[in-house]
Amino acid sequence: INVKVAPVGGFTVTDPEYGNGWVVSATPEGVITNNADGKQYPYLFWEGGKEGVVATPKEGFVVAKEDVSATLEKALSQFGLNEKERADFKEFWVPRLSRTPYYFLTFISRSEIDRVAPMSVSPKPDTVIRVLLDYKPLTEATEVEPLTIVTTEREGFTVVEWGGIVRD
């Protein structure tokens, strides 16, 4: 499988080494083997982009810090992430979302993700799920319009990408 991602602003970190793209083998269970070094990876990781290129949606969820995990669980399930993907996402993000009493949580639209970090995968997947969290720390709860999440039904060869915009 050939994977290429081109974030506006480039990469700051990749794992495994990106080079001119990743060339990997993957099993239906999600075991990824990088052809360049022969090592297995739980996922392909990249960090980068350019600050200010993504507009934060006005719709989302305002939640108390103790409700962040449950809110993410529900939203990620709606996006179509499986149990392991949801657990990995929450393991990374929940600790970062526990410093203030409330958070505004939202997700960047798929069209916006595709614009700021175009991705190509060959052979072409049957299903692609891209989830990008955006958040704002709050000292008090506010009212916001709820974000509507459209569920992606997984079928066949599925590529899942999840991440977030770090606002620490």
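Data block above holds the structure.
Residues numbered from 1 in each chain as written. Predicted model: local features only at pLDDT ≥ 70, side-chain atom pairs only at ≥ 80, totals over all residues. Heavy atoms only, no water.

To continue, consider helix H2 (residues 83-93). Every buried residue belonging to H2 is among Glu85, Arg86, Phe89, Lys90 and Trp93, and all of these are buried. Down the axis of H2, the sector holding all buried residues measures 125 degrees, keeping them to one side. Along H2, exposed side chains directed more than 90 degrees from the buried face belong to Glu83, Lys84 and Glu91. Summarising the contacts, the buried residues of H2 are in contact with helix H1 (68-79), strand S8 (102-107), strand S10 (127-138) and strand S11 (158-164). Capping the start of H2, Asn82 holds a side-chain oxygen 3.1 Å from the backbone nitrogen of Lys84, two or three residues further along. (Buried < 20%, exposed > 50% of the residue type's maximum accessible area, 1.4 Å probe, protein only. Helix = DSSP H or I, 4+ residues; strand = E, 2+ residues; numbered from the N terminus. Arc of directions from axis to C-beta. Contact = heavy atoms within 4.5 Å. Polar contact = N/O pair within 3.5 Å; in protein donor to acceptor, adjacent residues only side chain to side chain.)

Right, let's get into the pairing of strand S3 (residues 22-26). Judged from the 2 bridges that link them, strand S1 (residues 2-5) and S3 form a sheet pairing that is antiparallel. Each residue of the ladder has a partner; that of Val3, found in S3, is Trp22. Relative to strand S4 (residues 32-34), S3 runs antiparallel, the two being bridged by 3 bridges. By the bridge assignment for S4, Ala26 is matched with Ile32. The antiparallel hairpin formed by S3 and S4 contains 5 residues in its connecting segment, where Gly30 sits at a positive phi of about 95 degrees. (Pairing = 2+ DSSP bridges.)

Ordered by their spatial adjacency, 4 strands build an open sheet running S7-S8-S10-S11, and the pairing between neighbours is mixed. Bordering the open sheet on either side are strand S7 (61-64) and S11, each of which pairs with just one other strand. Across the sheet, the mean angle from the axis of one strand to that of its neighbour is 25 degrees, orientation sign disregarded. Against the sheet, H2 touches S8, S10 and S11, its axis set at about 15 degrees to S11. (Axes fitted to C-alpha atoms, helices over the stretch in contact; angles between N-to-C directions.)

Our next topic: the layout of surface pockets. Its volume calculated, the second largest pocket comes out at about 260 Å³. What lines the second largest pocket is a set of 14 residues, among which Phe79, Ile108, Ser109, Arg110 and Val150 lie closest to the centre. Per element, the largest residue contribution to the lining of the second largest pocket is 3 residues, and it comes from S10. Class assignment of the residues belonging to the lining of the second largest pocket gives a composition of 9 nonpolar, 3 polar and 2 charged. (1 Å grid on protein atoms, 1.4 Å probe; cavity = no way out; pocket = protein on both sides within 12 Å on 5 of 7 lines; lining within 4 Å. Points joined across faces, edges and corners; volume = space filled by probe spheres on them. Nonpolar A, V, L, I, M, F, W, Y, C, P; charged D, E, K, R; others polar.)

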